[in-house]
Amino acid sequence: MSQETKTMSAVFLTVLFGFAGFSLPYPVFSPMFLKPELGFLDPSVPTEYRTMLLGVAMALYPIGQFIGAPWLGRVSDKLGRRPVLMASLTGAAFGYLVTAYGVASANLPLVLIGRFVSGLCEGNMAIAQSIASDISRPETKVRNFGLITVAINVGWIIGPLMGGFFSDPTIHPSFNVSWPFYFAAGMYAFNLLVVFVILRIPEYARRRGTPKGMTPPATRSVWATIKDPDLLPGYVISFFSYIAVYIFFAFFGVYLVQNYDVTSSFLGMCSAIISIPLILAGLTVDRAQKICGLIGVGTLGHLFLGIGLITFLIPDGLVWIFVPMCLAAFGIAWCEVTTSLFISNAAGSHEQGQALGVYRSAHVLAEATAVLIGGVLAGIASYAPFFLGFIAAMLCVIGILGWLRIRQTTADVPAA
């Protein structure tokens, strides 16, 4: 097994465990905050206050990510990927232990502190992508970033399943709402062990640095990196791309409940079905890139996503909704791979961590924007969020064909 393969196996597990740990509490928070009989909040707390506290608890994690990702990426550019990744995993595990203890003792401030600390330290996505960029050869980079996307989507699937399992006392009498958080801490601890034992940055990746006579862009402020004319258009495209992505993920269930009164089990079945095209797209993106180039894959991915979003509204019945859902899901995976590669390819090898950390922050900001605006639109009309997602996806198509085609033509950045 080559050193690149060994390193990518550690990266894959890091992303898989990270997103499984991140999504694992999702099935737990809603009943924990909203059901008085569970005893986390005092029974006298009114429903509107419970929903507000739930929103705060859910938001603190991405807020922490938004703040922490660029800085962890920046530090990893200076001190090395492996030690910073291990430090971030340690901090995330500690944050989940604090959250677990707060849940077990019905201590709301500890839960909120633990969520923020976990999010602040959860910069491993940017670091993992930076490692993949560092070790990849030109012919393997798209494949390696595609594997990261597969790990993300598998993590999103198994995390909520495990969260629901470990919080259900009917499965085992000792299980309760604190168990998923202890289990998430254990996952991060195991992830730390895997990184310590397996992850080794090859020497050729260590030697990638600033060419002689040039000032390392990583010494710039984060704000300077954001404003970089080679990177800013990519961040804008990524922002709108993830608005479309999160409109789909956040509101397809809302739409189905509003219009078809579906059950939670049906929504779970939907999530399981769309996982197939998500994983398939991540595994085929390398071959597609060899046929139509990275720009072509990015354009097609956003077209698939946009068409899937808008045609999701057409079927008059539940059977045919899976066709546009699978089309959108397939496009999402290609969007995730290509937007991250747009940033990675435009950034210098010496500032991958900082550039991809900012990319991660754009991702989190888009998630918050999609949920907030989509929630308002869904209150007006159940189909309205999907028009927003369609417009965002089409703006990405315009941006890719315009900005990136110009860059390819002028040879500013070689086409992948």
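Residues numbered from 1 in each chain as written. Predicted model: local features only at pLDDT ≥ 70, side-chain atom pairs only at ≥ 80, totals over all residues. Heavy atoms only, no water.

Draft legend 1. Seen up close, the overall build of the chain. A count of helical and extended segments in the chain gives 15 helices and zero strands. Relative to a compact globule of 416 residues, whose C-alpha radius of gyration would be 22 Å, the chain shows 21 Å and is just as compact. For the chain, the spread of C-alpha atoms along the three principal axes comes to 65 × 50 × 40 Å. Counting every position in the chain, which comprises 416 residues, the buried fraction comes to 54%. (Helix = DSSP H or I, 4+ residues; strand = E, 2+ residues; numbered from the N terminus. Rg over C-alpha atoms; globule rule 2.2 N^0.38 Å. Buried < 20%, exposed > 50% of the residue type's maximum accessible area, 1.4 Å probe, protein only.)

Draft legend 2. Structural view of the nonpolar core. Residues Val15, Phe33, Leu256, Phe312 and Met325 are the most contacted members of the largest nonpolar core, which totals 119 residues. The contact partners of methionine 325, leaving out residues within four places of it in the chain, are Phe248, Phe252, Cys270, Ile274 and Phe312. (Core = buried A, V, L, I, M, F, W, Y, C linked by side-chain atoms within 4.5 Å. Contact = heavy atoms within 4.5 Å.)

Draft legend 3. Structural view of unusual backbone geometry. A positive phi angle, close to 55 degrees, is found at alanine 106, a residue other than glycine. Tracing the chain through its elements places alanine 106 in the loop between helix H4 (81–104) and helix H5 (108–121). Given a relative accessible area of 38%, alanine 106 falls into the partly exposed group.

Draft legend 4. Representation of the packing of aromatic side chains. Applying the stated rule across the entire model yields 25 aromatic pairs. Between phenylalanine 239 and phenylalanine 240, the aromatic rings sit 5.5 Å apart at their centres with planes inclined by 80 degrees, giving edge-to-face as the arrangement. Clustering of aromatic rings is evident, with ring pairs tying together Phe165, Phe166, Phe175, Trp179 and Phe183. (Phe/Tyr/Trp six-rings, centres within 6.5 Å; stacked < 30°, edge-to-face > 60°.)

Draft legend 5. How the structure looks around the packing of helix H1 (residues 3–23) against helix H8 (residues 179–198). Two elements in contact, H1 and H8, have axes whose closest approach is 9 Å; the angle formed by their N-to-C orientations is 170 degrees. Considering their axes alone, H1 and H8 lie roughly antiparallel with respect to each other. Residues Lys6, Ser9, Ala10, Leu13, Thr14, Phe17, Gly18, Ala20, Gly21 and Phe22 of H1 touch H8, and the partners they reach there are Ala184, Met187, Tyr188, Phe190, Asn191, Val194, Val195 and Ile198. Looking at the contact of H1 with H8, its residues break down into twelve nonpolar, five polar and one charged. (Axes fitted to C-alpha atoms, helices over the stretch in contact; angles between N-to-C directions. Parallel < 35°, antiparallel > 145°, perpendicular 65-115°, else oblique. Nonpolar A, V, L, I, M, F, W, Y, C, P; charged D, E, K, R; others polar.)

Draft legend 6. Geometry of the side chain of arginine 360. The topology assignment puts arginine 360 in helix H14 (residues 352–380). For the buried arginine 360, no salt bridge exists, and the shortest N-O distance to an oppositely charged side chain is 6.3 Å, to glutamate 367. The contacts of arginine 360, once residues within four sequence positions are left out, are Phe19, Gln65, Ala69 and Met125. (Lys, Arg positive; Asp, Glu negative; His and termini not counted. Salt bridge = Lys/Arg side-chain N within 4 Å of Asp/Glu carboxyl O.)

Draft legend 7. Looking closely at the environment of threonine 369. Take threonine 369: it is sitting in helix H14. Residue threonine 369 is classed as partly exposed on the basis of its relative accessible area, which comes to 22%. The spatial distance from the C-alpha of threonine 369 to the C-alpha of alanine 333 is 20 Å, given a sequence separation of 36 residues. Beyond its immediate stretch of four places on either side in the chain, threonine 369 contacts Phe239, Ile243 and Gly374.

Draft legend 8. Geometry of H1. Taking 1.5 Å of rise per residue, the 21 residues of H1 would be expected to cover 30 Å, and the 30 Å separating its terminal C-alpha atoms lies within 8% of that figure. Where burial is concerned, most of H1 is hidden: 15 out of the 21 residues are buried. (Expected span 1.5 Å × (residues − 1).)

Draft legend 9. Spotlight on a nonpolar patch on the surface. Together, Ile63, Phe66, Ile67, Trp71, Leu120 and Leu365 make up a nonpolar patch on the protein surface, roughly 540 Å² of accessible area in all. At four residues, the largest contribution of residues to the nonpolar patch is made by helix H3 (residues 47–79). Following the sequence through the fold, leucine 120 ends up in helix H5. (Patch = residues over 30% accessible without salt bridge, like charges linked within 9 Å, V, L, I, M, F, W, Y side chains within 5 Å. Areas by Shrake-Rupley, 256 points an atom, 1.4 Å probe, with all protein chains shown as cover.)

Draft legend 10. Structural view of the side chain of asparagine 144. Looking at where asparagine 144 falls in the secondary structure, it is placed in helix H7 (residues 141–166). Those residues in contact with asparagine 144 that lie beyond four places of it in its chain are Glu4, Met8 and Ser136.

Draft legend 11. Broad picture of the packing of H4 against H5. Running from amino to carboxyl end, H4 crosses H5 at an angle of 165 degrees, the nearest separation of the two axes being 7 Å. Regarding the angle of H4 to H5, the classification is roughly antiparallel. As for how H4 packs across H5, the hand of that crossing is left-handed. Together, Ser88, Gly91, Ala92, Phe94, Gly95, Tyr96, Val98, Thr99, Tyr101, Gly102 and Val103 of H4 and Leu110, Val111, Gly114, Arg115, Val117, Ser118 and Cys121 of H5 make up the contact between the two elements. Its residues placed into classes, the contact of H4 with H5 shows ten nonpolar, seven polar and one charged. (Left-handed = near helix turned anticlockwise from the far one by under 90°.)

Draft legend 12. Seen up close, the environment of methionine 8. Among the secondary structure elements, methionine 8 is positioned in helix H1. Here methionine 8 falls in the buried class, since its relative accessible area comes to 6%. For the pair methionine 8 and asparagine 345, spaced 337 residues apart in sequence, the C-alpha to C-alpha distance is 18 Å.

Draft legend 13. Spatial organisation of the environment of valine 111. Structurally, the position occupied by valine 111 is in helix H5. With 14 residues separating them along the chain, valine 111 and leucine 97 place their C-alpha atoms 9.6 Å apart. Setting aside anything within four residues of it in sequence, one finds valine 111 in contact with Phe29, Phe40, Thr99, Gly102 and Val103.

Draft legend 14. Representation of the pattern of salt bridges. In the structure shown here, the tally under the stated rule is six salt bridges. Here aspartate 77 and arginine 81 are joined by a salt bridge, their closest N and O atoms 2.6 Å apart. Each of the two residues, aspartate 77 as well as arginine 81, counts as buried. Measuring nitrogen to oxygen at the nearest pair gives 3.0 Å for the salt bridge that ties glutamate 139 to arginine 137. In this structure glutamate 139 comes out as partly exposed when scored by relative accessible area, which is 47%. Judged by its relative accessible area of 39%, arginine 137 is partly exposed. Each of Glu4, Arg137, Glu139 and Arg143 takes part in a single network of salt bridges with overlapping partners.

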